[in-house]
Amino acid sequence: MDGKQEIIETEIAMGPVHSAAIEPYRVRLFVEDEIVRDAEITVGVNHRGIERIMEGLPVEKANSLTEKVCGICSGVHLWNSVLVAEKGLGVEIPERASYIRIIVGELERIHSHLLYLAHGNEVLGHETFSMRLFYIRETVMELLRLIGGNRVQYGVPIIGGIRPRADLDEMKIQRIGEGIDLIEEKLEAFAERFTSDPMIMSRITGVCPISRKDALRLHVTGPTLRATGVDLDVRREMPCYDPFEFEVITQDGGDVRANLLMRVLEIFESVKIIRQALRDLPEGKVVDRSWEMQDTGIVKSYVEAPRGRLYHSYAIEDGRVRGSIIRTPSMSNIGAMQYACIGHHITDAQLGIVQCDPCFTCTDRAIEIVDMSDNPRR
Amino acid sequence: MDPSYSAVTVLGTLILGLLVSLWLPGIERKFVHARIQQRIGPPLSSPGLMAALKFFYKKTVRPSSPLPGLYNSLPIMGFISALLILLFLIPPMYSIGALASLVAIVGFLKIEEVIYVFMGSLSRSVMSMGMPFPDLARGAKYPDVNRYFLEDLSSMRAFRLIAFGSFPIYLAIFVPAVLSGSIFLKDIVAYQAVHGPVIFTMAGVIGAVVFFIGYMILLNEYPFAILKTKADVIEGPYMEYAARYRAFVYITRGFLMFTLGCLFSVLFLGVPPDILSWGILVNIAVAAVLPVLMAIFSAFAPVFTFKQFYPVTVAASVLGVLALVTAFV
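All values reported here derive from a predicted model rather than from experimental measurement.

Asker: What exactly am I supposed to notice about the overall build of chain A here?
Answerer: Of the regular secondary structure elements, chain A holds 14 helices and eight strands. Relative to the 2.2 N^0.38 estimate, which gives 21 Å for 378 residues, the radius of gyration of chain A is 21 Å and therefore close to what a compact globule would have. Seen along its three principal axes, the alpha-carbon backbone of chain A occupies a region of about 65 × 60 × 35 Å. The buried share among the 378 residues of chain A stands at 52%. Taking the contacts inside chain A whose residues are at least 6 apart along the sequence as the reference set, 69% of them involve residues at least 24 apart.

Asker: Just checking my understanding: could you explain the UniProt feature "binding site: Fe cation" (unreviewed entry) in chain A for this structure?
Answerer: All names here are of chain A. Here the UniProt feature "binding site: Fe cation" (unreviewed entry) sits at Cys73 and Cys362. These annotated residues cover 290 residues of sequence, and their C-alpha atoms lie no more than 9.2 Å from one another, placing them together at a single site. Its location among the elements puts Cys73 in the loop between helix H3 (59-66) and helix H4 (74-89). Structurally, Cys362 can be placed in helix H14 (residues 360-363).

Asker: Teacher, can you tell me more about the pairing of strand S1 (residues 10-14) of chain A here?
Answerer: On any regular strand, side chains alternate: one points to one face of the sheet, the next to the other face. S1(A) sits mainly inside the fold: four of its five residues count as buried. Examined bridge by bridge, S1(A) and strand S1 (residues 146-148) of chain B share three bridges and lie parallel to one another. If you follow A:Ile12 over to S1(B), its bridge partner there is B:Tyr148. Where S1(A) lies against strand S2 (residues 26-32) of chain A, five bridges are found, and the strand directions are antiparallel.

Asker: What's the story with the sheet that holds strand S6 (residues 296-305) of chain A in this structure? I'm lost.
Answerer: Within a sheet, adjacent strands bond to each other through the backbone by hydrogen bonds, running parallel or antiparallel. Residues and elements named next belong to chain A. Spatial strand order, S6-S7-S8: three strands in an open sheet with antiparallel pairing. Of all strands in the sheet, those with a lone pairing partner are S6 and strand S8 (320-327), marking the two edges. For this sheet, the mean inter-axis angle between neighbouring strands, taken without regard to orientation, is 20°. Of the pairings in the sheet, the one linking S6 to strand S7 (residues 308-317) comprises eight bridges and is antiparallel in character. Considered in S7, the bridge of Val303 is made with Leu310. Against the sheet, helix H12 (residues 329-341) contacts S6, S7 and S8, and its axis sits at roughly 135° relative to S7.

Asker: Explain the domain arrangement of chain A to me, please; I cannot follow it from the model alone.
Answerer: Note: interface size is frequently given as the accessible area lost on complex formation between the parts. Residue and element names in this part refer to chain A. What the domain assignment reports for chain A is domain 1 (1-42 + 335-358) and domain 2 (50-334). Summarising the inter-unit geometry, the C-alpha centres of domain 1 and domain 2 are found 28 Å apart. At the interface, 20 residues of domain 1 touch 21 residues of domain 2. Broken down by secondary-structure element, the contributors of at least two residues to the side of domain 1 that touches domain 2 are H12 and helix H13 (346-354). The dominant element in the side of domain 1 that touches domain 2, judged by the number of residues it contributes, is H12, at seven residues. Considered class by class, the residues forming the side of domain 1 that touches domain 2 number 12 nonpolar, six polar and two charged.

Reading the values: the criteria
All residue numbers refer to positions counted from 1 along the written sequence of the respective chain. Working convention: letters from A go to chains and numbers from 1 go to ligands, in the order in which they are written. Reporting in this predicted model follows two pLDDT cut-offs: at least 70 for local features of residues, and 80 or more for side-chain atom pairs to be given and counted; totals over whole chains, interfaces and linings ignore these cut-offs and use all residues. Starting at the N terminus, helices and strands are each numbered in turn, a helix being any DSSP run of H or I of at least four residues and a strand any DSSP run of E of at least two. Based on C-alpha atoms, the radius of gyration is set beside the globule rule, defined as 2.2 Å times the residue count to the power 0.38. The exposure label follows from counting other C-beta atoms within 10 Å of a residue's C-beta, where the C-beta atoms are placed from the backbone and the thresholds are 20 or more for buried and 12 or fewer for exposed, leaving partly exposed in between. A pair of residues counts as a contact when their C-beta atoms, built from backbone coordinates, are separated by no more than 7 Å. UniProt positions are given in the numbering used here, feature names are shortened, and annotations may be inferred rather than shown by experiment. The pairing criterion for strands is at least two bridges between them, as found by DSSP. Here an angle of 0 to 180 degrees is reported between the N-to-C directions of two axes, which are lines fitted to C-alpha atoms, with helices fitted over the stretch in contact. All the domain ranges listed were derived from an automatic or database domain assignment. Each residue receives one of three labels: charged for Asp, Glu, Lys and Arg, nonpolar for Ala, Val, Leu, Ile, Met, Phe, Trp, Tyr, Cys and Pro, and polar for the others, Gly being one of them.

Encoded structure:
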């Protein structure tokens, strides 16, 4: 037993079912006088083995299954999975399809960030702000339903482009334009009210900070990393984002305040991208079906999901998926969630976890390798 | 005074108080929280009346507690202590001098506060239940540490609140006593009948503000809801109460709102609760206005941790002392 263990005498375990967590996970807080000295987060309650189910499925079917990885960012999982196949098969998609994928991706980012903000406010105890953010989010959900036919799992990308039903006509373009105007207006009003509230600012400023150095050490990704001042966004490396002008938002401090403001500002950038996409939407077909199935090696693809860098890879063998691996951004951020709590009050600890925007259900795909070589009963 | 007349006054006022109190949580949630949050909200009768009725007819689940008998009786004790405060605010009871005094009221309020400590320490919810063997799911860095239940945490917080959180309300309660020169309710009411309500004095205004802050702390309302913060201890001391015991929790909360409203009326307006007097309307109005104000504040506030709680309580206590000093002057 090392010195640290001798000091820590009390543990408070929360979860896997807890009102502050919208998903099942278990956090063990090791505390002294309500101050967290160490934390341990355990996932595994919602492990569904999607990669294993994908094994041997036809590619299109396996792609559809990836939408079930996450209920919040279902679209980006499908997009990335389709990108793996397109990269492997060398499929070029029509420009119009690329623009519509980006519109859906950015709308999804907006609704995910709004959910994050609403949940953050709920954990803060500010039910009113939480409700108001959910109202703003409702507009986005309806826009996604307008495009894809569903509020979640809209199934827009397919190999070669997008589903024809998700094509945008004049009415849809107009309604999306009006919708994002409304979101921008309401979010501006919210941001002004939120940042000028001294009670809220005192609750979130300097709470659970992660330094830039620690964020890099802990392999933090996405907005949580950018909230520490690191200017890193996969969208800049994605060729489909080349026609669009947008800023990669960064904040300093890595605390709850920086993380919350980070998401608000990113929503404005997403609105900017959607406006450009709607304005410059090219004419033409939305799907190219001239590609041919062939075997590929393991192909990797990264996209910037709302929570950060999302990784998908698999090989294609006889039109079927082999060796699929999915790595979600929250998986990278778990270390930061544990780290952010340390030295803070228990009530703030949950805020420290939430600031990293955890999505444990989509993270729940880890396999722990246990060395059984010394076990006589193996 | 005719004893039968007094009995009617006392019983009538208590029953009326109970009936009114059943609607107060509904007013708070339907007309304030829901309106501010732009949602429909629950039916007016739901939070205070129908929820309590529903729970009375639910099957009682025996909670996991080291002292289940005591644990289950605590909500009833809380209700009785709120009932006793209201009882001794009614004029015919002023003849029992010692109990119809501020010292007795402070004592009854202390019971309310201490009950939370016991509730928390006697509750063992499944929320923090550990495995009967070291939890090795992911390393388990500290296998031999003591495990606290979430309710233990709220119990410790309740203990801290007794130490500092209740200062504002007690300081405010004694402002009318300083002005009237007596701790007996009879004298405080008589003083205000002659000199006008205390709230129209500088000390009274400050005292009323401090009373209101203390009122919110005592009722564990946001931003002072550290005993039952959703982010960590969830329902805190009430976590394991089910069926009729939970019904008592709901009834007690509404009843305490009414009782504290009446206490405010007596101390700052000089209007005691008496069903046979028009003054009862003032009591009911105050009992309804305070939760409405509280709900407005709570709807726009995040929950405080001790970092914010300490300065607010200290500031409120300083204001309370200022009110007392002003009253002396």
